[in-house]
Amino acid sequence: MELKLLDKNGKSAKKSVTVSDATFGREFNEALVHQLVVAYMANARVATRSQKTRGTVKHSTRKPYAQKGTGNARSGMTSSPIWRGGGRTFPNSPDENFSHKMNRKAYRVGMRSILSELVRQERLSIVEEFKVETPKTKQLVDKIKDMGYTQGVLVLTDAFDENLYLSSRNLTNVMVVEAQYADPVSLVQFPNVVATAGALKKLEEMLA
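Cut-offs used in this document
Residues numbered from 1 in each chain as written. Predicted model: local features only at pLDDT ≥ 70, side-chain atom pairs only at ≥ 80, totals over all residues. Heavy atoms only, no water. Pairing = 2+ DSSP bridges. Helix = DSSP H or I, 4+ residues; strand = E, 2+ residues; numbered from the N terminus. Axes fitted to C-alpha atoms, helices over the stretch in contact; angles between N-to-C directions. Salt bridge = Lys/Arg side-chain N within 4 Å of Asp/Glu carboxyl O. Buried < 20%, exposed > 50% of the residue type's maximum accessible area, 1.4 Å probe, protein only. Polar contact = N/O pair within 3.5 Å; in protein donor to acceptor, adjacent residues only side chain to side chain. Contact = heavy atoms within 4.5 Å. Core = buried A, V, L, I, M, F, W, Y, C linked by side-chain atoms within 4.5 Å. Expected span 1.5 Å × (residues − 1). Phe/Tyr/Trp six-rings, centres within 6.5 Å; stacked < 30°, edge-to-face > 60°. Lys NZ or Arg CZ within 6 Å of the ring centre and 35° of its normal. Parallel < 35°, antiparallel > 145°, perpendicular 65-115°, else oblique. Left-handed = near helix turned anticlockwise from the far one by under 90°.

Q: Can you walk me through the sheet that holds strand β1 (residues 2–6) in this structure?
A: In a beta sheet, neighbouring strands are held together by backbone hydrogen bonds and run either parallel or antiparallel to one another. The sheet built from six strands is open, its strands ordered β2-β1-β3-β6-β4-β5 with mixed pairing. Every interior strand has two partners, whereas the edge strands, β2 (12–18) and β5 (174–178), have only one. Ignoring strand direction, the axes of neighbouring strands in this sheet form an average angle of 30°. Two strands pair when backbone bridges link them, and strand β4 (residues 153–157) and β5 are joined in this way by five bridges, in the parallel orientation. Residue Thr157 lies in a different strand from β5, and its bridge partner there is Glu178.

And the structure:
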């Protein structure tokens, strides 16, 4: 498969990049991509919520009222779950596990499916290089506008670029990551994905 290559200004370089059909020419598997996105978001969750049981709430051990003669049901402690301020019957635990298991083969097939759909929808652009001379946010904004992108952009690089990182960290609609750290949620979420030729090769090696 041949993909068009753009120069650093976003114009056609009259060149093409040869990529694998197995990675960028697959059919879209919606069910698998959904499973992949849900698993990624679930594995990113941190179990910080915690509730108390009837044994851990702060309360008095004094009997709230007499056993007989009041007409109420018998009650021994105010820590009972049926009392206001009492413990929970099935409390949330801070060691709760939200992780979803996904096989490595299924993960790779899902990522290939996403990349193939980006190519079909013409949301994936390949550039020779993507750099800014100095770590200035305005330079990066101007570069993205000159390339014709008015919405969110995900930039995939083959190596860490400090200037790009510093220039993009204050922009809510621009994200710069190395190809090896590309995640399915970002690939699906951003309307435009710009990858360098080197990043493309790294993706192919990772998903082979």
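Q: Would you mind going over the pattern of salt bridges with me for this structure?
A: Side chains carrying opposite charge are able to pair once their charged atoms draw close together. A full pass over the atoms with the stated rule returns four salt bridges. Two residues, Glu128 and Lys15, come together in a salt bridge whose shortest N-O distance is 3.7 Å. Of the two residues, Glu128 is situated in the loop between β3 (124–127) and α4 (137–146) and Lys15 in strand β2; the sequence distance between them amounts to 113 residues.

Q: How do you make sense of the side chain of Ser167 when you look at a structure like this?
A: Structurally, Ser167 is set in helix α5 (residues 162–168). For Ser167, a relative accessible area of 0% translates into the label buried. A polar contact is formed between the side chain of Ser167 and the backbone nitrogen of Lys136, at a distance of 3.1 Å. Within the local environment of Ser167, its side chain forms a polar contact with the backbone oxygen of Asn163, the two atoms lying 2.7 Å apart. Dropping the residues within four chain positions of it, Ser167 is found in contact with Val132, Thr134, Pro135, Lys136, Thr137 and Leu140.

Q: Can you walk me through the nonpolar core in this structure?
A: One recurring pattern in soluble globular proteins: nonpolar side chains tend to sit buried together. The biggest cluster of nonpolar side chains holds 32 residues, and the ones touching the most others in it are Leu124, Ile126, Leu156, Leu187 and Leu200. Those elements that place two or more of their residues in this core are β1, α2 (30–43), α3 (104–120), β3, β4, α6 (184–189), β6 (192–196) and α7 (197–207). When residues no more than four places from it in sequence are discounted, the contact partners of Leu156 are Val177, Ala182, Leu187, Val193, Val194, Ala195, Thr196, Ala199 and Leu203. Listed in part, the 15 residues of the second largest apolar core include Phe130, Val132, Val174 and Val194.

Q: Can you walk me through α2 in this structure?
A: Two residues of an α-helix separated by three or four positions point the same way, owing to the 3.6 residues in each turn. Relative to the 20 Å expected for 14 residues at 1.5 Å per residue, α2 spans 20 Å between its end C-alpha atoms, a close match to the ideal helical length. Listed as buried for α2 are Leu32, Val33, Leu36, Val37, Ala39 and Ala42.

Q: Looking at this structure, how should I read the packing of aromatic side chains?
A: Within a pair of aromatic rings, the relevant descriptors are the distance that separates the centres and the angle that separates the planes. Tallied over the full model, the rule gives two aromatic pairs. Ring centres of Phe160 and Tyr165 lie 6.0 Å apart, and the angle between their planes is 45°; on these two criteria the pair is classed as tilted. Here the guanidinium or amino end of Arg45 rests over the ring plane of Phe98, the centre of that ring lying 3.7 Å away. Here the guanidinium or amino end of Lys143 rests over the ring plane of Phe130, the centre of that ring lying 5.2 Å away.

Q: For this particular structure, what's the right way to read the packing of α2 against α3?
A: The description of two helices packed together rests on the angle between their axes and the distance between the axes. Relative to each other, α2 and α3 sit at 110°, their axes nearing to 9 Å. With respect to each other, α2 and α3 are oriented roughly perpendicular. Classified by chirality, the crossing of α3 by α2 is left-handed. Of the residues in α3, those touching α2 at Leu32, Val33 and Leu36 are Ala106, Tyr107, Val109, Gly110, Met111, Ser113 and Ile114.

These values are about where atoms sit, not about what they do.
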